[in-house]
Amino acid sequence: MVRECWDAIHLRETVSRIPVITQLKPDDVYDVIFLVVRYTQLDSAVETLRANGTKNLVFVGNNVRAAYYAGLLPDKNVLFAFASSAGHREAERVVSIDLKKISIGQLKDAPSNKALIGRIFNGIGYKVTYEPNMEDYLLCHAAFVLPVAFACYFTDGDLRKLKGNTAYLKRILDANVEGYRAIEQAGHKILPASDAGYESTSYRRTCMLFFRLMCATSLGKICASDHAMNAIEEMSALNRDIKQFFDKTGAEYPVWRALERDAGRYLE
């Protein structure tokens, strides 16, 4: 998770014109549909997707209940993805960055979609990582980004206030480790594989370097606070649901709870 934001410092502006439809009808059949919405908007789209004839669906974005949503669409080929992009919506535009990287795949027990994914992204200039266990990948992603979101709320969106606050940055890392530990102890895999050594000194050193950069440069605004401050409802829902996962598995996560309390009025 740490490595996905490093290239975000190098930005450029583009303007795109995208053809759109205002309604997805049952007989509007496509090769694949990408559902790119916030976590809190998934439920409202399920019935429309169920009624539509398209077979291949890709849920893109934060999700700590991937198996649940796949189960709501048993007749579909449901994939999940996370793109290395970020941004926020303004009155007449969307301000965002796109590193042209995406991790995409299905649940670990589902048939492989590697060939289909290769056809979808063929020739478009995206770095595609096929991940055959997206449920665990997305759980781990939430365990990394939510403590960072807590820091955004603690500082009212200005992570520069944490510059030099090593004690607080260590608490962010400790909360991340608590989450990874709970996920692994529940029988899930830590993904990406580069994070599997989350108990190591090397992992802690890398994360602390990233957190310091996040608070001292525009990296924090680009990769963290812009989204956290404009998607409070989503972060709150993700936090609620991953805590339910922790509690169901009997995990202990005191640092996580403390950071959540420090986030104050922002979280439900």
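Residues numbered from 1 in each chain as written. Predicted model: local features only at pLDDT ≥ 70, side-chain atom pairs only at ≥ 80, totals over all residues. Heavy atoms only, no water.

**Some thoughts on the overall build of the chain**
Link 1 in the chain: When helices and strands are tallied, the chain shows 9 helices and 5 strands.
Link 2 in the chain: Overall, the chain shows an N-to-C arrangement of helices and strands of β-α-β-α-β-β-α-β-α-α-α-α-α-α.
Link 3 in the chain: The globule rule puts the C-alpha radius of gyration for 268 residues at 18 Å, and the 19 Å found for the chain is close to it.
Link 4 in the chain: Along the first, second and third principal axes, the C-alpha atoms of the chain reach 55 × 45 × 35 Å.
Link 5 in the chain: Per-residue burial for the chain yields a buried fraction of 47% across its 268 residues. (Helix = DSSP H or I, 4+ residues; strand = E, 2+ residues; numbered from the N terminus. Rg over C-alpha atoms; globule rule 2.2 N^0.38 Å. Buried < 20%, exposed > 50% of the residue type's maximum accessible area, 1.4 Å probe, protein only.)

**Comments concerning the pattern of salt bridges**
Link 1 in the chain: Here the structure, examined in full by the defined rule, presents 11 salt bridges.
Link 2 in the chain: Ionic pairing is found between Arg-171 and Asp-262, a salt bridge with its closest N-O pair at 3.0 Å. One end of the pair, Arg-171, is in helix α5 (residues 166-185); the other, Asp-262, is in helix α9 (residues 254-262), and 91 residues separate them in sequence.
Link 3 in the chain: By relative accessible area, Asp-262 is classed as partly exposed at 30%. (Salt bridge = Lys/Arg side-chain N within 4 Å of Asp/Glu carboxyl O.)

**Considering the environment of Leu-162**
Link 1 in the chain: Mapping Leu-162 onto the fold places it in the loop between α4 (134-154) and α5.
Link 2 in the chain: C-alpha separation for the pair Leu-162 and Tyr-69, spaced 93 residues apart in sequence, amounts to 37 Å.
Link 3 in the chain: With sequence-adjacent residues up to four places away left out, Leu-162 is seen in contact with Ala-151, Phe-154, Thr-155, Tyr-168, Leu-169 and Cys-215. (Contact = heavy atoms within 4.5 Å.)

**Considering α9**
Link 1 in the chain: All of the buried residues along α9 are Trp-256, Ala-258, Leu-259 and Glu-260.
Link 2 in the chain: The inward-facing, buried residues of α9 abut α4, α5 and α8 (232-248).
Link 3 in the chain: Within two residues after α9, Gly-264 carries a phi angle of roughly 60°, on the positive side.

**What to know about the nonpolar core**
Link 1 in the chain: The biggest cluster of nonpolar side chains holds 70 residues, and the ones touching the most others in it are Phe-59, Phe-80 and Phe-211.
Link 2 in the chain: Among the elements that take part in this core, α4 stands out by supplying 15 residues, more than any other.
Link 3 in the chain: Phe-80 has contacts with Val-58, Phe-59, Asn-63, Ala-66, Ala-70, Ser-103, Ile-104, Gly-105, Leu-107, Met-134 and Leu-138, leaving out every residue within four places of it along the chain.
Link 4 in the chain: Counting residues in each nonpolar core, the second largest holds 9 residues, with Val-60, Ala-81, Ala-83 and Ile-117 among its members. (Core = buried A, V, L, I, M, F, W, Y, C linked by side-chain atoms within 4.5 Å.)

**Remarks on the sheet that holds strand β1 (residues 33-36)**
Link 1 in the chain: On the basis of which strands lie adjacent, the open sheet formed by 5 strands has the order β1-β2-β3-β4-β5 and mixed pairing. Each having just a single partner strand, β1 and β5 (127-130) make up the two edges of the open sheet. Each neighbouring strand pair of the sheet contributes to a mean axis angle of 30°, computed without reference to strand direction.
Link 2 in the chain: Bridge analysis of strand β3 (residues 77-89) against strand β4 (residues 94-105) gives 9 bridges, and the strand direction is antiparallel. When the bridges of β4 are listed, Ser-85 appears paired with Asp-98.
Link 3 in the chain: The sheet strands contacting α4 are β3 and β4, and the helix crosses β3 at an angle near 25°. (Pairing = 2+ DSSP bridges. Axes fitted to C-alpha atoms, helices over the stretch in contact; angles between N-to-C directions.)

**Points about the confidence of the model for the chain**
Link 1 in the chain: Counting all residues, the mean pLDDT for the chain is 92, and 95% of those residues have values of 70 or more.
Link 2 in the chain: Here residues 5-9 is a poorly scored stretch, pLDDT under 50, and it has 14 contacts once near neighbours within four places are set aside; other chains count. (pLDDT = per-residue confidence, 0-100.)

**A few points about α5**
Link 1 in the chain: Over its 20 residues, α5 extends 28 Å from the first C-alpha to the last, a length consistent with the 28 Å expected when each residue adds 1.5 Å.
Link 2 in the chain: Of all the positions in α5, only Tyr-168, Leu-169, Ile-172, Leu-173, Ala-175, Asn-176, Val-177, Glu-178, Gly-179, Tyr-180, Ala-182 and Ile-183 are classed as buried.
Link 3 in the chain: Looking at the buried positions of α5, the neighbouring elements they touch are α4, α6 (201-216), α8 and α9.
Link 4 in the chain: Just downstream of α5 lies Gly-187, where phi reads positive at about 95°. (Expected span 1.5 Å × (residues − 1).)

**Observations regarding the packing of α6 against helix α7 (residues 219-230)**
Link 1 in the chain: Two elements in contact, α6 and α7, have axes whose closest approach is 6 Å; the angle formed by their N-to-C orientations is 100°. When the axis of α6 is compared with that of α7, the two are roughly perpendicular. Contacts from Phe-210, Leu-213 and Met-214 of α6 reach α7 at Leu-219, Gly-220 and Ala-224.
Link 2 in the chain: Grouping the amino acids of the contact of α6 with α7 by side-chain chemistry returns 5 nonpolar, 1 polar and no charged. (Parallel < 35°, antiparallel > 145°, perpendicular 65-115°, else oblique. Nonpolar A, V, L, I, M, F, W, Y, C, P; charged D, E, K, R; others polar.)

**What about empty space enclosed by the protein?**
Rolled over the atoms, a probe as big as a water molecule pinpoints where empty space is left.
Link 1 in the chain: All told, the structure shown has 1 cavity of 30 Å³ or more when counted by the stated rule.
Link 2 in the chain: Taken together, Leu-35, Val-37, Leu-42, Phe-59, Val-60, Gly-61, Asn-62 and Asn-63 form the lining of the largest cavity.
Link 3 in the chain: A class-by-class count of the residues in the lining of the largest cavity yields 5 nonpolar, 3 polar and no charged. (1 Å grid on protein atoms, 1.4 Å probe; cavity = no way out; pocket = protein on both sides within 12 Å on 5 of 7 lines; lining within 4 Å. Points joined across faces, edges and corners; volume = space filled by probe spheres on them.)

**So, the environment of Ala-115**
Link 1 in the chain: Note that Ala-115 resides in helix α3 (residues 114-120).
Link 2 in the chain: Along the chain, Ala-115 and Ile-33 lie 82 residues apart, while their C-alpha atoms are 17 Å from each other.

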